[in-house]
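Inside the fold
Each chain, written out:
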Amino acid sequence: MDRQYSFLAFLATLSTLIIVIGIAAWLAYCGKYAEALGVGGVLTGLIGIATLLARPNSPNGNTQADANLATALDKMSPPTPGLTTPSPESRA
């Protein structure tokens, strides 16, 4: 997707969010608070979808973040044998 289509998708999402916010405000003004809350849920879902689509795809998991995590895990010392968290039964 090139820059022009990305910008058009952004404008479409932004206009949809503005319309949904207007509907929720109108419903709240009319005293239909449960419906306004439901429309707020729709708004949250739209924002979630927009952020999900904005993330770059990484099908093979070879990203810099994965490499950094692997390096950090390699540098960690192994757990100490016999060191465990006490269970609630043993505390009583």
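I will try to describe carefully the structure that is included in this document. (Residues numbered from 1 in each chain as written. Predicted model: local features only at pLDDT ≥ 70, side-chain atom pairs only at ≥ 80, totals over all residues. Heavy atoms only, no water.)

What follows is about the environment of L27. Structurally, the position occupied by L27 is in helix α1 (residues 3–29). Owing to a relative accessible area of 11%, L27 belongs among the buried residues under this scheme. Separated by twelve residues in the primary sequence, L27 and V39 place their C-alpha atoms 8.9 Å from one another. Non-local contacts of L27, meaning those with residues more than four positions away in its chain, are made with K32, E35, A36 and V39. (Helix = DSSP H or I, 4+ residues; strand = E, 2+ residues; numbered from the N terminus. Buried < 20%, exposed > 50% of the residue type's maximum accessible area, 1.4 Å probe, protein only. Contact = heavy atoms within 4.5 Å.)

The next thing to look at is the nonpolar core. With seven residues, the main nonpolar core is built from L17, V20, A24, L27, A36, V39 and L43. Elements supplying a minimum of two residues to this core: α1 and α2 (33–54). At four residues, the largest contribution of residues to this core is made by α1. If we ignore the near neighbours within four places in the chain, the residues touching L43 are L17, V20 and I21. (Core = buried A, V, L, I, M, F, W, Y, C linked by side-chain atoms within 4.5 Å.)

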